[in-house]
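Architecture at a glance
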Amino acid sequence: MPASKSPVIETRGLRKVFRDFWRRPTVEAVKGLDLTINDGEVFGLLGPNGSGKSTTIKMLLGLLRPTAGTIRVLGSAPDDTHAKACIGYLPEVSHLHTFLTPRETLMYYASLFGLSRAQAVQRTRELLAMVDLEHAADRAVGGFSKGMARRVGLAQALVNAPRLLILDEPTSGLDPIGSREVKDLVCALAKGGVTVLMTSHLLADVEDVCDRVAILDRGVLCAEGKIADLLRQPDAVRFEVEGLDEPDAAAVRAELEARTGRRVRQEYPAMSLERYFLQVVARDGQQRTFAMAPFLGATLSAPETDPTPTSNSLPMT
Amino acid sequence: MFPHDGQSRARGLALKQTAAIARATLVEAIQQPVAFLILLSAVMTTLLVPVFQFHRFGEDGRLARDSGLACMLVFGLVLAAGTAGRTVSGEITCGTAAAALGKPVRRVTFLLAKALGVLAVTMLFWLGVLCATLLAERGSAHFISHIEYTGYVMDVITLVLGVAGVAVALLVAAARHYYGRRRFGVSAFVGVVLSQVLVVLATGFYNRLGQLYPLLGEAACLDSGAGHAHAAGWVFYHPELNLRVIPVALLVLFALAIFAALATALATRLPTGPTLAICAGVLLLGLAGDSLLIGAPFWSVRGLVAGLLPDLQNFWLCDAVARGGRIAWRYVGAAALYALTCCVLFLGAGCLAFRERDLG
Amino acid sequence: MPSKLLHRFFAASARRIGGVTVLAVRAALRTRTVAALLVLLAACVLVLPGVVKGDGTPEGELHILLTYTLSFAFGILCLATLWAACALFAAEIDSARIQLSAVKPVRAVEFWVGKWLALLVMNAVALLVVYAGVYAQVHWRMCRDGWEVIERPVSRHVARPLLPTPREEAREIFADLQARDQLPSGYSERTILRVLEQKAHEKYSEIPPGGRQAWRFQLRRPLHIGEVIAARMRFETEYNTRTQVSGICRLSCVETGRAVEVPLDDFTLKEIEFVVDARAFGQIPTEGVRAFELSFMHTSDPKRAAGLLLRFRKDVALLTPGGSFWMNMLRAAAVHWSVLALLAAFGLALSVCFSLPVAAFVATMLLVLTMVGNSVVQVVSEEDAQKWRNRAGVLVSRVVHSATRRALQAKPLAALTNGERIDTDMLRTSLGWNALLFPLLLAAASCAVLRRRELADTE
């Protein structure tokens, strides 16, 4: 088990100013961001377009240089290769090589992690099964639909069985089943000790899987905390009772109103559209979810010759 | 409401669409750094050829002129093919073409507008290099007979003005970019062309020795050995430029138009690299068309190749203006017709290829 | 265990480099770039020798096959390598694909080396195909046209006369001019020495009718019994006259004291070459002989015949067997490959700095500048170089020349055509500078840029 609650990502006073050709500032995308994400957490980064979410992620990954402030990722600087060995990243657009097949794509990224051929083949097979692309494993990615390409992107992010998984809009382009699967996967990975940082415009997705969230607006951290804490309405209480008929419900409501002297609202909770959709297409969806189950429960199998102390990391330089 | 109203409105809309797409293509193309670099290289090479000469056989002017025209053809070909590749093939790949064709724009209109845009870029480039060629020929060493000196004299002022014009254009573009946040590429491209045009116009006010006509008039003109132009009278403005180059340059422009059309047609199916390679191949084979044809039966590979490819020798007549020769405007007209035919054929083939192209 | 860790480190690094290389090769193969290139090369190798007309002699045919075909193919490969290299990083950065790779634990240098190796591998294959095609054509022509043994392509060691080096000669002339107070005014000592050294390379000396000239040689590789040695002289005649010239060549072995005299009177090709069997020099020791003397006596009528003009350093040579022709072709291919390796490194260096079109443009312009610069340096006179308007151009040309001198020193095609063995020094120099040292410097610079460069934008 990973050490509990040690910070995996830590930023202090993080700023990013984009400049034009003459080095004049054009936009300040991130303004003094202080953020701490602990080991094993599923952390959601929310914000409207242009709020600095992607810029922050790119700084965490060493793709952009911060103008000011410090970043520690897994205890190291963002461009440290040892830290990178333990990170998985899924960008907002998958940016895959269109002339490669999914199998070749995963083999390529596995080689970048220094995996031996046998390890890479095994990992590729597992991941292709996980993202349900075995049937298209030898077709060029260029001919894939957006959702299929997204699955390949997700698989490449997991090729090293990362300790830290950074997902930029992971459910974009996926159908509800795929979206559900990704959310299940995130939960399963979190259970296995993987720290997940994700951004999404779909707030319901974040609400489903994240332990904590931070809301950015125009580069400023506006709110941060556990979802339950942020969303709790302390001045209201809700009861849910199954199988209560209308007369009993009216009686309970009247009793409550009489006792508290306050107005009581009675509702019949509706099923979410996502849940309804999953029920309608249940057969296929369930099969796929079951197919994923072995990988979700145990996370990905670690390579045989894994010398690093953390079970989810791969041997790196 | 007349029955032809709808037709004319549709025609008007197509024209508006063509103009809008062509304009966007032009601006998009000239803001690319590489377009500006190509123009800059062509203009600077042309202007500097008279400066860096190590042998002189009394044909400095001809060498400068031929170099300028060669730059015009070669750099122009790269610019036309590169622009067509990026604007057509690039837009198909990145989905911009699909976005435009999602509007009520016909594919033929789209492609023709793109070709017009590419042609506009090529024409701007051509104008800049033509002016630079005129300046280079005037600036190169000429034999003059003056009261105080007889021998070869370079028109240093003209060359300096040409180069300074480029420098000023760059500075202005930089200033516009800094203060007005205007796109540097566009300002620089247009600025360099404009600077060369202005310097060409300015050369009419002074002679080879730097004496100003408005101040010295005919006397200065005669003293500098340029008495051939005006035997008598007050000379206020006399550009000592070899304007016989213009028909030759026009022929080169026709050749470039053919390449613009060919490249646009090819780019509907091929990426930029192969488009450029094929255009370069057509240039080489087109210039060798005469040699290919000699002795080759029509129904042979050589005969067919020579018959199908545009004969570019028709557009490369630099030698015709040597030693005072000139090209008849009738010939220029016939060449224009030939070029137009080639363009129509290439663009027709391009439209057919584009009609069946998947844009997803 | 440190050694085990080190081994693991290198193994992982090799896998990463291999991954990058394989990806680049796959990209080239699947985007039809290689197919297009191979078609061009095939056209060059198969069509060009048929189109270009030779003079009908086996030498002329061989010259076209080797010089034209290989030059064209090499030129195509140069441009293709340069532009492909320019695309490798630039296109990946432009399309943001590099973001996925850059977040993996790959060092900048591993990326760079992986891509460079991909270009080297593809160039090696392309060069082998081209050279094999040309070799096959040479063989085919030999069989078809029934070339004589003497006309067939060979590979021979070349020994040049033992003369003072151009630098030594320049210093001698300088000292002489100084002693006679005849040094040109207005030029520095360094400039004068440089000009004198340049002239020493190309200096023509005359052998007038009735005159005699002898040269000493020391073979690098000794001549053994059963081998042959060839003497070769190339020359110009005054005013290119075609009058009858005759002379006697005498080749003597210093170690055995025996000599062979060959009377010659066919000078129409402006080249004399004769072959002597080693046995003609008497009892040759087992370890072979190295020291020779070649002399030429111009026996034509002094009143009618013209003098012979020779550049002693270039035009006089002794040739001894130097392996097979195909091995020499392989060495030429290696020299060409090394130049392509340098171009690949150069293109990659530009690729990390600029976008694809700009990098390709800058690369092409610099290539043209290199070619022009090297030509200017060869033709410009010191007088022209001093003129103010030429100064900037000459300065740029000289800088370009000195920067690229070592890279372009080797002339493999000239050696192949002349039947001269590409010696180990040429090969080592070319490979060392072009495929090792220069790429190392360019790799260091590229990696420094790549590490500092932001690989994402505001999107």
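Residues numbered from 1 in each chain as written. Chains lettered and ligands numbered in written order. Predicted model: local features only at pLDDT ≥ 70, side-chain atom pairs only at ≥ 80, totals over all residues. Heavy atoms only, no water.

**Some thoughts on the overall build of chain A**
Helices and strands together make up the secondary structure of chain A, namely 11 helices and nine strands. Residues classed as buried in chain A amount to 50% of the 317 residues present. (Helix = DSSP H or I, 4+ residues; strand = E, 2+ residues; numbered from the N terminus. Buried < 20%, exposed > 50% of the residue type's maximum accessible area, 1.4 Å probe, protein only.)

**Looking at the layout of surface pockets**
Its volume calculated, the second largest pocket comes out at about 1700 Å³. Along the wall of the second largest pocket there are 42 residues; nearest its centre are Arg19 and Phe21 of chain A together with Arg453, Ala456 and Asp457 of chain C. At the level of elements, β1 (7-19) and α1 (53-60) of chain A, α2 (33-48), α6 (156-180) and α7 (184-202) of chain B together with α3 (58-94) of chain C are the ones that each hand at least two residues to the lining of the second largest pocket. Examining the composition of the lining of the second largest pocket, we find that four residues originate from one element, β1 of chain A, more than from any other. In terms of residue class, the lining of the second largest pocket is made up of 18 nonpolar, 10 polar and 14 charged. (1 Å grid on protein atoms, 1.4 Å probe; cavity = no way out; pocket = protein on both sides within 12 Å on 5 of 7 lines; lining within 4 Å. Points joined across faces, edges and corners; volume = space filled by probe spheres on them. Nonpolar A, V, L, I, M, F, W, Y, C, P; charged D, E, K, R; others polar.)

**A closer look at the domain arrangement of chain C**
Domain boundaries in chain C define domain 1 (10-155 + 332-369 + 425-453) and domain 2 (204-321). Each of domain 1 of chain C and domain 2 of chain C was reduced to a C-alpha centroid, and the two centroids are 41 Å apart. (Domains from an automatic or database assignment.)

**Quick look at the sheet that holds strand β5 (residues 87-90) of chain A**
Residue and element names in this part refer to chain A. What the six strands build is an open sheet, ordered β5-β6-β7-β3-β8-β9; its pairing is mixed. If you trace the sheet from one side to the other, it starts and ends with β5 and β9 (220-226), each paired once. Averaged over all pairs of adjacent strands, the angle between strand axes in this sheet comes to 15°, irrespective of strand direction. In the sheet, strand β3 (residues 42-46) pairs with strand β8 (residues 212-217) via four bridges, with the strands oriented parallel. The residue of β8 that forms the bridge with glycine 44 is valine 213. (Pairing = 2+ DSSP bridges. Axes fitted to C-alpha atoms, helices over the stretch in contact; angles between N-to-C directions.)

**Some words on the side chain of arginine 311 of chain C**
All names here are of chain C. Within the element layout of this structure, arginine 311 appears in the loop between β10 (308-310) and α8 (312-315). Only 3.2 Å separates the side chain of arginine 311 from the side chain of glutamate 202, close enough to count as a polar contact. Those residues in contact with arginine 311 that lie beyond four places of it in its chain are Glu202, Lys203, Tyr204 and Val316. (Polar contact = N/O pair within 3.5 Å; in protein donor to acceptor, adjacent residues only side chain to side chain. Contact = heavy atoms within 4.5 Å.)

**Side note on empty space enclosed by the protein**
With a probe scaled to a water molecule rolled over the atoms, the places where space remains empty come into view. Residues and elements named next belong to chain A. Taken as a whole and assessed by the stated rule, the structure comprises five cavities of 30 Å³ or more. Within this model, the largest cavity holds a volume of roughly 90 Å³. The set of elements that each furnish at least two residues to the lining of the largest cavity consists of α5 (146-157) and α6 (176-191). The biggest single contributor to the lining of the largest cavity is α6, with four residues. For the lining of the largest cavity, the per-class residue count stands at seven nonpolar, one polar and two charged.

**A few points about the packing of aromatic side chains**
On inspection of all chains with the given rule, the structure shows 13 aromatic pairs over all chains. Ring plane angle 80° and centroid distance 5.3 Å describe the contact between tryptophan 215 of chain C and phenylalanine 312 of chain C, whose orientation is recorded as edge-to-face. In this pair, tryptophan 215 of chain C sits in strand β3 (residues 212-223) while phenylalanine 312 of chain C sits in helix α8, placing the two residues 97 residues apart along the sequence. Classification of phenylalanine 312 of chain C by relative accessible area gives buried; the value is 13%. Taken together, the ring pairs connect Phe21 and Trp22 of chain A together with Tyr178 and Tyr179 of chain B into an aromatic cluster. (Phe/Tyr/Trp six-rings, centres within 6.5 Å; stacked < 30°, edge-to-face > 60°.)

**Quick notes on the pairing of strand β2 (residues 25-38) of chain A**
All names here are of chain A. Sheet topology places β1 next to β2; nine bridges connect them, and they run antiparallel. If you follow threonine 11 over to β2, its bridge partner there is leucine 35. Turn length for the β1-β2 hairpin, with the two strands adjacent in sequence and antiparallel, is five residues, and the turn residue arginine 23 shows positive phi of about 70°.

**Examining the interface of chain A and chain C**
Across the boundary between the two partners, chain A contributes 34 residues, which contact 34 residues of chain C. Both sides together, the interface formed by chain A and chain C hides about 3200 Å², and carbon and sulfur atoms give 62% of it. Taken together, the connections running from chain A to chain C amount to three salt bridges. Glutamate 104 of chain A serves as the salt-bridge partner of arginine 30 of chain C, at 2.5 Å between the closest nitrogen and oxygen. Secondary-structure elements contributing two or more residues to the side of chain A that touches chain C are β1, α1, α2 (81-84) and α3 (102-112) of chain A. Per element, the largest residue contribution to the side of chain A that touches chain C is five residues, and it comes from α3 of chain A. Residues belonging to the side of chain A that touches chain C are distributed by class as follows: 17 nonpolar, 12 polar and five charged. (Buried area = accessible area lost by both parts, 1.4 Å probe. Salt bridge = Lys/Arg side-chain N within 4 Å of Asp/Glu carboxyl O.)

**Things to note about the interface of chain B and chain C**
The interface of chain B with chain C comprises 14 residues on the first partner and 11 residues on the second. On inspection of chain B and its partner chain C, the count reaches zero salt bridges. Where chain B meets chain C, there are zero residue pairs in polar contact (both at pLDDT 80 or more). Listing elements by their share of the side of chain B that touches chain C, those giving two or more residues are α2 and α3 (60-94) of chain B. For the side of chain B that touches chain C, the element with the highest residue contribution is α2 of chain B, accounting for five residues. Across the side of chain B that touches chain C, the residue classes break down as 10 nonpolar, two polar and two charged.

**Re a nonpolar patch on the surface**
Residue and element names in this part refer to chain B. A surface patch of nonpolar side chains, amounting to about 790 Å² of accessible area, comprises Leu194, Leu198, Leu201, Phe205, Leu212, Leu215, Phe236 and Tyr237. Top contributing element to the nonpolar patch by residue count: α7, with three residues. As for its position among the elements, phenylalanine 205 is in the loop between α7 and α8 (213-223). (Patch = residues over 30% accessible without salt bridge, like charges linked within 9 Å, V, L, I, M, F, W, Y side chains within 5 Å. Areas by Shrake-Rupley, 256 points an atom, 1.4 Å probe, with all protein chains shown as cover.)

**A word on the pattern of salt bridges**
Any two side chains of opposite charge can pair, given that their charged atoms come close. Residue and element names in this part refer to chain C. Taken as a whole, this structure holds 49 salt bridges over all chains when the rule is applied. With a closest N to O distance of 2.9 Å, arginine 156 and glutamate 273 form a salt bridge. Of this pair, arginine 156 sits in strand β1 (residues 156-159) while glutamate 273 sits in strand β8 (residues 271-277); the two residues are 117 residues apart in sequence, bridging distant segments of the chain. Judged by its relative accessible area of 34%, glutamate 273 is partly exposed. Measuring nitrogen to oxygen at the nearest pair gives 3.5 Å for the salt bridge that ties arginine 428 to aspartate 425. Of the two residues, arginine 428 and aspartate 425 both sit in helix α14 (residues 424-452), three residues apart, roughly one turn of that helix. Residue classification places aspartate 425 among the partly exposed residues on the basis of a relative accessible area of 36%.

**Description of helix α7 (residues 189-202) of chain C**
Residues and elements named next belong to chain C. Counted at 1.5 Å a residue, the expected span for α7 with its 14 residues is 20 Å, and the 20 Å between its end C-alpha atoms agrees. Buried within α7 are the following residues: Thr191, Ile192, Leu193, Val195, Leu196 and Ala200. Elements in contact with the buried residues of α7: α6 (166-179), α8 and α11 (382-386). (Expected span 1.5 Å × (residues − 1).)

**Quick notes on unusual backbone geometry**
Located in the positive-phi region is histidine 95 of chain A, a residue other than glycine, with phi close to 50°. As for its placement among the helices and strands, histidine 95 of chain A is situated in the loop between β5 and α3. In this structure histidine 95 of chain A comes out as buried when scored by relative accessible area, which is 19%. Within the chain, aspartate 181 of chain C stands out as a residue other than glycine whose phi angle is a positive 55°. In this structure, aspartate 181 of chain C sits in the loop between α6 and α7. Here aspartate 181 of chain C falls in the exposed class, since its relative accessible area comes to 72%.

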